[in-house]
Amino acid sequence: MRIDSKFLAGIRRQFPAVSADPAGRRRAFLDNGAGTLVTRRAADREYDARVNWSANVGNLFPESEGAGETIREGRMAVADLLNAEGAGTIISGESATSLLFGLSYAFGREFTGSENVVTTGYEHYTNINPWVELGSNLEIKELRFAEFDKDTGMLDPGAVQELVDRNTKVVTVSAASNVLGTRTNLAEIGKIARDAKAYFIIDAVHHVPHELVDVRRIGCDFLVFSGYKLFSRHGSFMYAKPEHIRKLSPYKVLPSPKRGPEKWEQGTRDQAMFAAISGAIDYLAWVGRPSTKRPPKPGKARRTRLIQAFKTIERYEKELMDIALHGKGKTPGLNDIPGLRLYGPSNVSKEWERDPTFSFNLRGYPDRALSKKLWDRYRLAVGAEDYYSRVPAIYKKKTMLRATFVHYNSKAEVLSLLSALDDLARRKK
Ligand SMILES: Cc1ncc(COP(=O)(O)O)c(C=O)c1O
């Protein structure tokens, strides 16, 4: 399938807030890297769970049974999204940050203080501080950063290999940088981790709306992502290999279950979070076969539709990236706007794998002032922050502007950003 203008209009109808802000002002929403808009199916299912299945699980009346069923279905939907072994491998948490801290506490019980953790130079602090804390508690010796090429924004897996030795117990990487957009070579780095017999962890928070991940093909031990970056609401999920769910000992209260993902979850669950994520995943399955309104059956049928959906999404996002980088017609791309400095891959191809995330500064404009101008004058929602990432500091910047496109964005929206930036650049000449 291709996303043409008719299909795009159908997709956009699935996002009530796609064209206008809460005050009804037409705008282009380009801050998707900080959190995507919510799809109608996620919001509807959340409402249903909030109102109908509000009881706690484990009892015999409908509100409680429905709550349990909602949670099971949510785990199953996430398992289909990730091609995990089953619902029992999906742990939920408040955020990706809290899930990785929880995982680090479990590792802390196993490690002796001589181990090291290897990560990349472009991580979000979510995938840094849990390991820093292990160091402060003397449960590991060192956290090592494999640095990326500052000119291209690309990470050579060889840089990871160089840091790995027999004391490496964890290799943990983001699937894509939330600032540079660079995609990490998960296949090669996964192999490096396996050869070293280290745990391989993936932070897929930024990457998850752009490519369908397959935890079994990649062979990772853990993977985290967050619903609010995938057309749903806050609340996050962590895949863990079945043996790790069984063998590791997370912090828990005594009476809580001793097995399964529940062993890893702190406190009672919010079933509405599971309802919402299953709505978002069924929305994505609909993108895979838009001729059918009925949600697919869980399992293979849903996975097949998700594979189709992400083929469609990736192809379309590549078109958006090409326009963003190289422009179209008379409109220059980010590579060509005078005074604009783009960070990260300036190309998109097999060798330059990237997500549609573009961070930049524009000469003559302080970042926050530019973000405000883009909103006030052009109605473009683009953030200016540090994104809790190591990256801005590496380039000696406090902040950067960042536009992230997802598949509900139109080519016209990409072009409107380019022409606004070009317009502003020319005023400063
Ligand atoms: C790559 C990456 N990791 C982690 C996070 C934080 O996720 P959460 O807010 O669910 O803890 C973000 C949020 O921007 C992110 O982009």
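What counts and how
Residues numbered from 1 in each chain as written. Predicted model: local features only at pLDDT ≥ 70, side-chain atom pairs only at ≥ 80, totals over all residues. Heavy atoms only, no water. 1 Å grid on protein atoms, 1.4 Å probe; cavity = no way out; pocket = protein on both sides within 12 Å on 5 of 7 lines; lining within 4 Å. Points joined across faces, edges and corners; volume = space filled by probe spheres on them. Helix = DSSP H or I, 4+ residues; strand = E, 2+ residues; numbered from the N terminus. Nonpolar A, V, L, I, M, F, W, Y, C, P; charged D, E, K, R; others polar. Domains from an automatic or database assignment. Near = heavy atom within 4 Å. Polar contact = N/O pair within 3.5 Å; in protein donor to acceptor, adjacent residues only side chain to side chain. Areas by Shrake-Rupley, 256 points an atom, 1.4 Å probe, with all protein chains shown as cover. Contact = heavy atoms within 4.5 Å. Pairing = 2+ DSSP bridges. Axes fitted to C-alpha atoms, helices over the stretch in contact; angles between N-to-C directions. Buried < 20%, exposed > 50% of the residue type's maximum accessible area, 1.4 Å probe, protein only.

*Asks:* Just give me the short version of empty space enclosed by the protein, but keep the residues and values in it.
*Replies:* Counting across every chain of the model gives two cavities of 30 Å³ or more. There is about 40 Å³ of room inside the largest cavity. Considering the residues around the largest cavity, the lining is formed by Arg41, Arg45, Asp282, Trp286, Thr292, Lys293, Arg294, Pro295, Pro296 and Arg305. Elements with a contribution of two residues or more to the lining of the largest cavity: α2 (40-52) and α10 (271-288). Taken together, the residues of the lining of the largest cavity sort by class into three nonpolar, one polar and six charged. Put simply, the second largest cavity is a space of about 40 Å³. In terms of lining, the second largest cavity is formed by Asn32, Gly33, Thr36, His206, Pro209, His210, Lys229, Thr404 and Val406. Classifying every residue of the lining of the second largest cavity gives two nonpolar, six polar and one charged. When residues of the lining of the second largest cavity are assigned to domains, at least three fall in each of domain 1 (5-39 + 310-427) and domain 2 (46-281).

*Asks:* An account of the site of the ligand is needed here, citing residue identities and associated values.
*Replies:* Around the ligand, the surrounding shell holds 13 residues, and the nearest of these are Thr97, Asp203, Ser226, Tyr228 and Lys229. Between the ligand and Asn178 there is a distance of 3.4 Å, counted from an oxygen atom to a side-chain nitrogen or oxygen. Between an oxygen atom of the ligand and a side-chain N or O atom of Lys229, the distance comes to 2.6 Å. Alone, the ligand offers 400 Å² of accessible surface; in the complex the protein occludes 89% of this. Its residues assigned to classes, the shell around the ligand comprises three nonpolar, eight polar and two charged.

*Asks:* Explain the side chain of Thr312 to me, and be specific about the residues and the numbers.
*Replies:* Among the structural elements, Thr312 can be located in helix α11 (residues 300-326). Not counting chain neighbours up to four residues away, the residues in contact with Thr312 comprise Met1, Arg2, Ile3 and Phe7.

*Asks:* How would you summarise the sheet that holds strand β14 (residues 383-385) if you had to cite specific residues and measurements?
*Replies:* With respect to topology, four strands assemble into an open sheet ordered β11-β12-β15-β14, the strand pairing being antiparallel. Both edges of this open sheet fall to β11 (340-343) and β14, since each of them pairs with a single strand only. The mean inter-strand angle of the sheet, taken between neighbouring strand axes irrespective of direction, is 35°. Across four bridges, the pairing between β11 and strand β12 (residues 357-362) is antiparallel. Bridge pairing in β12 links Arg341 to Asn361. Against the sheet, helix α12 (residues 367-378) makes contact with β12, β14 and β15 (400-404), and its axis sits at roughly 40° relative to β15, the strand it touches most.

*Asks:* Describe unusual backbone geometry, and please don't skip the residues or the numbers.
*Replies:* Positioned with a positive phi, Tyr388 is a non-glycine residue whose angle comes to about 55°. Mapped onto the elements, Tyr388 comes out in the loop between β14 and α13 (391-394). Owing to a relative accessible area of 58%, Tyr388 belongs among the exposed residues under this scheme. Although it is not a glycine, Lys396 sits at a positive phi angle of roughly 60°. Within the secondary structure layout, Lys396 lies in the loop between α13 and β15.

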